[in-house]
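# Architecture at a glance
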Amino acid sequence: MKMRSIAGTILIVQESRFRLLTADGRGMHFLLAHNARLEPQDLPALAHRQVRVRYESAPGLRAHIAHDLEAAP
């Protein structure tokens, strides 16, 4: 799979899932990868913050798989 990166604001966090609002107004759903550097309990601290997400698309899923999140400075 091809790894991609996108920036945006995390709108909603639920367990290991989150929704990102991109600069162009798109809403994207993500699922935290099992091997991500963050744990699901780390996600609520990023809610309503600007982040960059490194992810891959997951055929058959409505969400993308987030491998890394980095808060914007």
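Read on for a plain summary of the structure. Nothing here was measured: the structure is a model prediction, and the numbers come from that model.

## Quick notes on the pairing of strand S4 (residues 50–56)
Across six bridges, strand S1 (residues 4–14) lies against S4 in antiparallel orientation. Note on S4: the bridge partner recorded for Arg 4 is Tyr 55. Pairing geometry for S4 and strand S5 (residues 64–71), over six bridges, is antiparallel. Paired with Arg 52 across the two strands is Glu 70, which belongs to S5.

## What to know about the sheet that holds S4
Strand order in the closed barrel made by the five strands is S1-S2-S3-S5-S4, with mixed pairing throughout. This sheet shows a mean twist of 55 degrees between the axes of neighbouring strands, independent of strand direction.

## Looking at the side chain of His 67
Assignment of secondary structure puts His 67 in strand S5. Under the relative-accessibility criterion, His 67 is labelled buried at 14%. Within the local environment of His 67, its side chain forms a polar contact with the side chain of Glu 56, the two groups lying 2.7 Å apart. Each residue touching His 67, except ones within four places of it in the same chain, is listed here: Met 3, Ala 33, Asn 35, Ala 36, Arg 37, Arg 54, Tyr 55 and Glu 56.

## Describing the pattern of salt bridges
For the structure shown, the criterion picks out two salt bridges. The partner of Asp 24 in a salt bridge is Arg 26, and the shortest N-O contact between them spans 3.2 Å. With a closest N to O distance of 2.9 Å, Arg 37 and Asp 68 form a salt bridge. Placement of Arg 37 in the loop between strand S3 (27–32) and S4 and of Asp 68 in strand S5 is noted, with a sequence separation of 31 residues between them. On the accessibility criterion, Asp 68 (15% relative accessible area) is buried.

## A closer look at the packing of aromatic side chains
Under the criterion given, the structure shown has two aromatic pairs. Ring geometry for Phe 30 versus Tyr 55: centroids 5.3 Å apart, planes at 80 degrees, classification edge-to-face. A residue pair is termed long-range when its members are at least 10 positions apart, and Phe 30 in strand S3 and Tyr 55 in strand S4 qualify at 25 residues. By the burial criterion, Phe 30 is buried, and Tyr 55 matches it. An aromatic cluster is built from Phe 18, Phe 30 and Tyr 55, whose rings are joined through pairwise contacts.

What counts and what doesn't
- Residues numbered from 1 in each chain as written.
- Predicted model: local features only at pLDDT ≥ 70, side-chain atom pairs only at ≥ 80, totals over all residues.
- Heavy atoms only, no water.
- Pairing = 2+ DSSP bridges.
- Helix = DSSP H or I, 4+ residues; strand = E, 2+ residues; numbered from the N terminus.
- Axes fitted to C-alpha atoms, helices over the stretch in contact; angles between N-to-C directions.
- Buried < 20%, exposed > 50% of the residue type's maximum accessible area, 1.4 Å probe, protein only.
- Polar contact = N/O pair within 3.5 Å; in protein donor to acceptor, adjacent residues only side chain to side chain.
- Contact = heavy atoms within 4.5 Å.
- Salt bridge = Lys/Arg side-chain N within 4 Å of Asp/Glu carboxyl O.
- Phe/Tyr/Trp six-rings, centres within 6.5 Å; stacked < 30°, edge-to-face > 60°.

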